[in-house]
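Chains, contacts and geometry: an overview
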Amino acid sequence: MTDFLDACRAIVGAANVLTGTDMAGYLTDWRRRFTGSARAVVRPGSTEEVASLVRLCQEHRVPVVPQGGNTGLVLGSVPDESGAAIVLSLARMNRIRAVDTINNTMTVEAGCVLEAVQNAAADAGRLFPLSLAAEGSCTIGGNLATNAGGTAVLRYGNTRDLCLGLEVVTAQGEVWDGLRGLRKDNTGYDLRNLFIGAEGTLGIITACVLKIFPQPQAQLTAFAAMRSPDDALALLSLTQERCGAALTGFELMSDFCLQLVAKHFPQMRLPFPQSYPQYVLLELSDSESEEHANQLLEAVISEALERELIQDAVVASSIAQSKALWNLREHIPLAQAEEGKNIKHDVSVPISRIGDFIRDTDVLVEQAFPGARMVTFGHLGDGNLHYNVSPPENGSPDAFIAHQEEINRVVHDSVNRFGGSISAEHGLGALKRDEIRRYKSEVELSLMRTLKQALDPHNLMNPGKVI
Ligand SMILES: Cc1cc2nc3c(=O)[nH]c(=O)nc-3n(C[C@H](O)[C@H](O)[C@H](O)COP(=O)(O)OP(=O)(O)OC[C@H]3O[C@@H](n4cnc5c(N)ncnc54)[C@H](O)[C@@H]3O)c2cc1C
């Protein structure tokens, strides 16, 4: 295998083939739950280098684990423990190739960090709306490979909806140039959408054409308190009716989530002097003016107060206040981590069924594990909840975590009964690969296996992930 590594060095240069302890940051997942092993981490700088590496891997039957920012949450971006694979890091492929403000597209390489993509769009007077808490380190290639969601799905869709074209290195080491900036193109099978969300199991995304949008003239953030998720749903409907596409974010969080934030980040101020059972953070992006946005928001809040859908509300009057409200939302996972070990679920159900889902599942979890504490928050406007479960207040975290599979079963079976998905936005990776088999039909699984076999017959593209 020294021959193999020498051949890698000949393709990308010796400095870009990392071995031994130099690989450390690439082998452990973001949540530090798993450390794999690899022959090497290889860092190509161009599409041609990626293609040459994949051909070399085919020749030597070496598995390839594509990696962007390694912020994925389902163990998709790290290799298994066998040490057979290489990690192929796209980090050096970070050029913005083109920005077209008439077609409203930009062409960027897969290793561009999401924040750099947002900044490049802003420099051209445009908006690239994908936004998530890992945006300072995740890459657009990883976002596409996982079809990431984030905070603006309600208005702009998932990463899939933001992509018009792809450049992909296939499992055979060929380059498919599908970098078309077309909004209409009905010419056969939709290959682009096959590679998006495939988590690197069908090929390697090396570049993409992304949609960009006019910058909004105003952005307003409000925080509302209410009695129940059902009231939050009624507020969602009302806001959509009154504000249409201006509604860009609608995040739900329970009081327990905010109490955890207050406990572990006491410097953060809660918006209300008293507690309410549930809260919604909502964001409007207006293409007219700040005044227009304010009028819309004030009208919605007055009507919601009048109809008693909400008990109280605050509207951020500055960017700093808006950031402070978003910070509360974004600190929930961090506060939960500070509180100790917990069990996470990234699920979706039809939006209209969220209230019933939370009610039923809370009862089922409580029956099975008395005292378990539900940390429920998420992108309500997308039907996507992070339904996380923390151990009972004075219980042993390790004893609780030992029941992870049983808790997953209770939650995922409930999701299934509500017609939902056990992975709304993080993907399957290695973490949910086996679990998904309980919830997809044999027909669906068999179609997925057929695709995998056809595109990657030697199972070298991120093996052991997804299927
Ligand atoms: C703090 C935090 C907040 C997050 N918030 C959200 C959120 O709101 N919404 C959401 O959807 N996700 C969220 N995530 C998870 C999300 O999946 C990732 O952050 C992001 O999309 C992954 O990008 P990455 O570059 O880090 O990919 P990686 O973690 O490196 O890889 C993820 C998967 O994609 C594959 N892959 C990576 N690059 C390529 C490529 N070029 N070609 C083919 N396959 C590739 C990998 O093999 C792996 O299977 C969050 C993660 C963190 C840590």
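Please read these numbers as outputs of a predicted model, since none were measured by experiment.

Some remarks on the domain arrangement of the protein chain
According to the domain assignment, the protein chain consists of domain 1 (2–89), domain 2 (96–214), domain 3 (218–333) and domain 4 (340–426). If you average the C-alpha positions of domain 3 and of domain 4, the two centres end up 23 Å apart. In this complex, domain 3 contributes 16 residues to the contact, which on the side of domain 4 involves 17 residues. When the buried surface of domain 3 facing domain 4 is broken down by residue, Leu-233, Leu-252 and Phe-256 rank first, second and third, together holding 35% of it. At the junction of domain 3 and domain 4, the tally comes to one salt bridge. One can count six residue pairs in polar contact (both at pLDDT 80 or more) joining domain 3 with domain 4. Every element with two or more residues in the side of domain 3 that touches domain 4 is listed here: helix H8 (229–243), strand E13 (247–254), helix H9 (255–264) and helix H12 (332–339). For the side of domain 3 that touches domain 4, a count of residues per class yields 12 nonpolar, one polar and three charged.

Structural notes on the site of the ligand
Residues in close proximity to the ligand total 34 residues, the closest being Pro-66, Gly-68, Thr-71, Gly-72 and Thr-139. Interatomic distance of 2.6 Å between a side-chain N/O atom of Thr-71 and an oxygen atom of the ligand. Within the side chain of Thr-139, an N or O atom sits 2.7 Å from an oxygen atom of the ligand. Expressed as a share of its isolated accessible area of 970 Å², the protein-covered part of the ligand is 94%. Of all elements in the fold, only strand E3 (64–67), helix H5 (140–145) and strand E10 (203–211) reach the threshold of two or more residues within the shell around the ligand. In terms of residue count, H5 provides more of the shell around the ligand than any other element does, four residues in total. Tallied by class, residues from the shell around the ligand come to 13 nonpolar, 19 polar and two charged.

Structural notes on H8
Three- or four-residue spacings in an α-helix give side chains the same orientation, since the helix completes a turn every 3.6 residues. Its 15 residues place the ends of H8 20 Å apart at the C-alpha level, agreeing with the 21 Å of an ideal helix rising 1.5 Å per residue. Along H8, the positions that sit buried rather than exposed are Pro-229, Asp-231, Ala-232, Leu-233, Leu-235, Leu-236, Leu-238, Thr-239 and Cys-243. At the exit of H8 stands Gly-244, carrying a positive phi of roughly 55°.

A few points about the UniProt feature "domain: FAD-binding PCMH-type" (unreviewed entry) in the protein chain
Listed under "domain: FAD-binding PCMH-type" (unreviewed entry) in the UniProt record, and renumbered for this structure, are residues 34–215. Here residues 34–215 runs as 21% helix and 25% strand, with 40 Å between its end C-alpha atoms.

Comments concerning the state of the cysteines
Overall, the coordinates contain zero disulfides when judged by the stated rule. In this model Cys-112 remains outside any disulfide bridge; the closest cysteine sulfur is found in Cys-208, 7.8 Å from its own. Not part of a disulfide, Cys-138 finds its nearest cysteine sulfur in Cys-112, a span of 12 Å.

Quick notes on the sheet that holds strand E6 (residues 105–109)
In sheet architecture, strand pairing relies on hydrogen bonds along the backbone and comes in two forms, parallel and antiparallel. Taken in spatial order, the five strands make up an open sheet running E5-E6-E10-E8-E9, and their pairing is antiparallel. With one partner strand each, in any of the chains shown, strand E5 (96–100) and strand E9 (175–178) form the two edges of the open sheet. Averaged over all neighbouring strand pairs, the angle between strand axes comes to 15°, with direction disregarded. As paired strands, strand E8 (residues 163–170) and E10 are joined by seven bridges and run antiparallel to one another. The residue of E10 that forms the bridge with Thr-170 is Gly-203.

With respect to H12
Where H12 is concerned, the buried positions are Ile-332, Ala-335 and Gln-336. One face of H12 carries all of its buried residues, which in axial projection span an arc of 100°. Set apart from the buried face of H12 by more than 90 degrees, the exposed residues are Ala-337 and Glu-338. Here the buried face of H12 lies against E13, H9, helix H11 (319–330), strand E17 (373–379) and strand E18 (384–390). One or two positions beyond H12, positive phi appears at Gly-340, with a value near 130°.

Here's the deal with the pattern of salt bridges
A full pass over the atoms with the stated rule returns 23 salt bridges. The partner of Glu-339 in a salt bridge is Arg-373, with the nearest N and O atoms 3.0 Å apart. Of this pair, Glu-339 sits in helix H12 while Arg-373 is found in strand E17, placing the two residues 34 residues apart along the sequence. Arg-373 gets classed as buried once you look at its relative accessible area, which sits at 15%. Residue Arg-449 is joined to Glu-442 by a salt bridge in which the shortest nitrogen-to-oxygen separation is 3.2 Å. Here the salt bridges do not stand alone but share partners, grouping Arg-95, Arg-97, Glu-109 and Glu-167 into one network.

Topic: the sheet that holds strand E2 (residues 40–42)
If you trace the four strands from one edge of the open sheet to the other, you get E1-E2-E4-E3, paired in mixed fashion. Edge positions in the open sheet fall to strand E1 (17–18) and E3, since each of these has one partner strand only. Summarising the sheet, E1 and E2 pair through two bridges and their orientation is antiparallel. Across the sheet, Val-17 pairs through a bridge with Val-42, a residue of E2.

Cut-offs and rules
Residues numbered from 1 in each chain as written. Predicted model: local features only at pLDDT ≥ 70, side-chain atom pairs only at ≥ 80, totals over all residues. Heavy atoms only, no water. Domains from an automatic or database assignment. Contact = heavy atoms within 4.5 Å. Buried area = accessible area lost by both parts, 1.4 Å probe. Salt bridge = Lys/Arg side-chain N within 4 Å of Asp/Glu carboxyl O. Polar contact = N/O pair within 3.5 Å; in protein donor to acceptor, adjacent residues only side chain to side chain. Helix = DSSP H or I, 4+ residues; strand = E, 2+ residues; numbered from the N terminus. Nonpolar A, V, L, I, M, F, W, Y, C, P; charged D, E, K, R; others polar. Near = heavy atom within 4 Å. Areas by Shrake-Rupley, 256 points an atom, 1.4 Å probe, with all protein chains shown as cover. Expected span 1.5 Å × (residues − 1). Buried < 20%, exposed > 50% of the residue type's maximum accessible area, 1.4 Å probe, protein only. UniProt positions renumbered as here; feature names shortened; annotations may be inferred. Disulfide = S-S within 2.5 Å. Pairing = 2+ DSSP bridges. Axes fitted to C-alpha atoms, helices over the stretch in contact; angles between N-to-C directions. Arc of directions from axis to C-beta.

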